[in-house]
Amino acid sequence: MASSPSSLLGFVICMFCSLMAAFAANFYEEFDITWGNDRAKVLDKGQLLTLSLDKASGSGFKSKNEYLFGNIDMQLKLVPGNSAGTVTAYYLSSLGSTHDEIDFEFLGNLSGDPYILHTNVYSQGKGNREQQFYLWFDPTADFHTYSILWNPQNILFSVDGTPIRVFKNLEAKGVQYPKNQPMRIYSSLWNADDWATRGGLVKTDWSKAPFTASYRNYDASNACVWSSSGTSSCSSKSPSSINNRAWMKHELDSTSQARLKWVQKNYMIYNYCTDIKRFPAGLPPECA
């Protein structure tokens, strides 16, 4: 008997999930819990990590490795229900006053109202490059993949493989670009009810605590690990190594550009590059 289209689709999805699980890193091996004590938990033999927030404290973790360029995936399932006042942050960052940083931040909301996905890019300590989006699905109902592709040409933010933002290397225009400082992966769940939801008007409802976000299927197999001696795992020039680093030259093709425009037309709710009131002396040069 011939298989139905729905059965075939289910088979393909299962195969895709199995492949992701096969390449997923072990949280015990790849990350350190940095704060929150037992509010951060590694479960399922290292395949699942959860962060929790209560009135006393939030929690967080960081990668053991530093990276200088990479194509990095993480699946997250965000705090369900009334998450107003909470922020789940997932980002790359170096340290110091002139640090580089590439941000995903998920701003909680009242039950039934959408999360806001807040993105930002810092280079040499300068940020103020916020773009914000609604998502086209419920990010609390299941896991979804949030990806950062960072190479010398551009930084690409993607959700479930769909590009939502590109920050290009425009050093020729005098715009600093993150390219010299190795960065770690960080994530945290914390209370930010002074600003996170409707500018701080909606406060965290602690009767709903603890709030919990979940992580799985972290994949940094396509990333350049930076060693303490100042060398990169991507320095090898063997043909097989070079072929596996096609992402180092990746830029959006016409199909991906069309998907990016679809997201920005239908789901972008703030773009610093159009905020004339914020920049009365003129928009930043990368916005031209």
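Model, not experiment: these values are computed from the prediction. (Residues numbered from 1 in each chain as written. Predicted model: local features only at pLDDT ≥ 70, side-chain atom pairs only at ≥ 80, totals over all residues. Heavy atoms only, no water.)

Q: Please explain the sheet that holds strand β1 (residues 31-35) as it appears in this structure.
A: Two modes of strand pairing occur in sheets, parallel and antiparallel, and in both the strands are linked by backbone hydrogen bonds. Taken in spatial order, the eight strands line up as β1-β4-β13-β6-β7-β8-β9-β15 in an open sheet, and their pairing is antiparallel. Each having just a single partner strand, β1 and β15 (268-271) make up the two edges of the open sheet. Each strand of the sheet is rotated relative to its neighbour by a mean of 15°, with strand direction disregarded. In the sheet, β1 pairs with strand β4 (residues 59-63) via four bridges, with the strands oriented antiparallel. Residue phenylalanine 31 lies in a different strand from β4, and its bridge partner there is serine 63. (Pairing = 2+ DSSP bridges. Helix = DSSP H or I, 4+ residues; strand = E, 2+ residues; numbered from the N terminus. Axes fitted to C-alpha atoms, helices over the stretch in contact; angles between N-to-C directions.)

Q: Just checking my understanding: could you explain the pattern of salt bridges for this structure?
A: Side chains carrying opposite charge are able to pair once their charged atoms draw close together. Evaluated as defined, the whole model comprises six salt bridges. For the salt bridge of aspartate 54 with arginine 39, the shortest nitrogen-to-oxygen distance reads 3.0 Å. With aspartate 54 in the loop between β3 (48-53) and β4 and arginine 39 in the loop between β1 and β2 (40-43), this residue pair connects regions lying 15 residues apart in the sequence. Residue aspartate 54 is classed as partly exposed on the basis of its relative accessible area of 24%. Residue arginine 129 is joined to glutamate 286 by a salt bridge in which the shortest nitrogen-to-oxygen separation is 3.0 Å. Here glutamate 286 lies in the segment after β15 and arginine 129 lies in the loop between β8 (116-122) and β9 (131-133), a separation of 157 residues in the sequence. Taken individually, arginine 129 and glutamate 286 each receive the classification buried, so the pair is uniform in this respect. (Salt bridge = Lys/Arg side-chain N within 4 Å of Asp/Glu carboxyl O. Buried < 20%, exposed > 50% of the residue type's maximum accessible area, 1.4 Å probe, protein only.)

Any link to function would need more than the numbers given here.
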